[in-house]
Amino acid sequence: MKGKLYLVATPIGNLEDITLRALRILKEVDLIAAEDTRHTLGLLNHFNISKPLISYYKQTEKNKSEILIKKLLDGKNIALVSDAGTPGISDPGEEIVKLAIENNIDVVPIPGCVALINGLIASGLSAKEFIFIGFLSALKKEKKEKLEELKYETKTIILYEAPHKLKNTLEVIYEVLGNRKIVLARELTKIHEEFIRDDIKNILNNIDNIKGEFVVLIEGSKESKIDIEISNLNNKTLEEHYEFYEKQGLEKKEIIKRIAKDRNLSKNEIYQYFI
Ligand code: SAM
């Protein structure tokens, strides 16, 4: 019988956040694949768990995935853990999951901590809809391009950032997105846990020597791309407005309805104009 691949979430700071199920799985599996075996050994020792460990980190993900798949096919149960939080979320995991699915191996998520979700729920920003972009590129050009894409994103934007790059990243966010409301969720679940809630400009003035781990949460744009397109259309002629919707393949009746709505006029007024 094939083994199972367990994706086990571990704490992001406070060791009390490990779940009972995660502990049971870590005790039961044959092998634990860990991003940094020394780091995971510390966690295992704390909970008196002794298991063979194999390293599984970004640079070796492909090669190690193949080795682990062979073991799973041989019937071994394997737990994958990262240094902190949920494997696969800005951490290695994706490769082996894909390969396991291709080989009809059961993939079992063992839920637990994930920094972005804990940052979001306490941020005070809208948690109804959000977009997570992981780490931005370290290259300024790529960083700017990604943020440009998000300029009219109305959902809360969440990203991860290393402490030494935080200031520069906030400067680029300010440059591209303007002075939005942001939240820095710092050192989640740890002794110095803190939520810094302010606009980017004020935050930039006060974070020179800031330390720790951060989730950065940015308020979504007040106007979507469509809102802006519509307000631009309202400055154009009715014919140009009509043409815009016609190019989208809409029927005359629907076009008139939309123009009336965009311009806050009655459908009849628009209809009369076009005859
Ligand atoms: N897999 C992890 C998860 O489930 O959240 C994320 C791993 S990623 C390599 C590390 C980044 O997550 C950090 O740079 C930081 O942005 C964020 N992070 C991890 N732990 C955190 C904590 N305790 N407080 C705030 N941010 C944290």
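**Observations concerning helix α3 (residues 61-73)**
Item 1. With 13 residues, α3 should reach 18 Å at 1.5 Å per residue; the first-to-last C-alpha distance of 18 Å fits that figure.
Item 2. Within the sequence span of α3, burial applies to Glu-61, Lys-64, Ser-65, Leu-68, Ile-69 and Leu-72. Projected down its long axis, α3 carries its buried residues within an arc of 145 degrees, all on one side.
Item 3. With its phi angle positive at about 100 degrees, Gly-75 sits one or two positions after the end of α3.

**Quick notes on the sheet that holds strand β3 (residues 53-55)**
Item 1. On the basis of which strands lie adjacent, the open sheet formed by 5 strands has the order β3-β2-β4-β1-β5 and parallel pairing. A single partner strand is all that each edge strand has here, and the edge strands are β3 and β5 (107-110). Taken pair by pair, the neighbouring strands of this sheet meet at an average axis angle of 25 degrees, ignoring direction.
Item 2. Note that strand β1 (residues 5-8) and strand β4 (residues 78-81) share 3 bridges and pair parallel. Bridged to Leu-5 within β4 is Ile-78.
Item 3. Each of β1, β4 and β5 touches helix α4 (residues 94-102); the most contacted strand, β1, lies at about 155 degrees to it.

**Considerations on the layout of surface pockets**
Item 1. As a volume, the largest pocket reaches approximately 500 Å³.
Item 2. Lining the largest pocket are 24 residues, with Ala-84, Ala-115, Phe-135, Tyr-160 and Glu-213 sitting closest to its centre.
Item 3. Every element with two or more residues in the lining of the largest pocket is listed here: β7 (156-161) and β10 (214-218).
Item 4. Grouping the constituent residues of the lining of the largest pocket by class yields 13 nonpolar, 4 polar and 7 charged.
Item 5. Each of domain 1 (5-113) and domain 2 (116-218) accounts for three or more of the residues forming the lining of the largest pocket.

**Details of the pairing of β1**
Item 1. The two faces of β1 match: Leu-5 and Leu-7 on one face and Tyr-6 and Val-8 on the other face are all buried.
Item 2. Two strands pair when backbone bridges link them, and β1 and β5 are joined in this way by 4 bridges, in the parallel orientation. Bridge assignment links Leu-7 to a residue of β5, and that residue is Pro-109.

**Notes on the environment of Ile-105**
Item 1. Its location among the elements puts Ile-105 in the loop between α4 and β5.
Item 2. For the pair formed by Ile-105 and Leu-73, sequence separation is 32 residues and the distance between their alpha carbons is 7.7 Å.

How each quantity is defined
- Residues numbered from 1 in each chain as written.
- Predicted model: local features only at pLDDT ≥ 70, side-chain atom pairs only at ≥ 80, totals over all residues.
- Heavy atoms only, no water.
- Helix = DSSP H or I, 4+ residues; strand = E, 2+ residues; numbered from the N terminus.
- Expected span 1.5 Å × (residues − 1).
- Buried < 20%, exposed > 50% of the residue type's maximum accessible area, 1.4 Å probe, protein only.
- Arc of directions from axis to C-beta.
- Pairing = 2+ DSSP bridges.
- Axes fitted to C-alpha atoms, helices over the stretch in contact; angles between N-to-C directions.
- Contact = heavy atoms within 4.5 Å.
- 1 Å grid on protein atoms, 1.4 Å probe; cavity = no way out; pocket = protein on both sides within 12 Å on 5 of 7 lines; lining within 4 Å.
- Points joined across faces, edges and corners; volume = space filled by probe spheres on them.
- Nonpolar A, V, L, I, M, F, W, Y, C, P; charged D, E, K, R; others polar.
- Domains from an automatic or database assignment.

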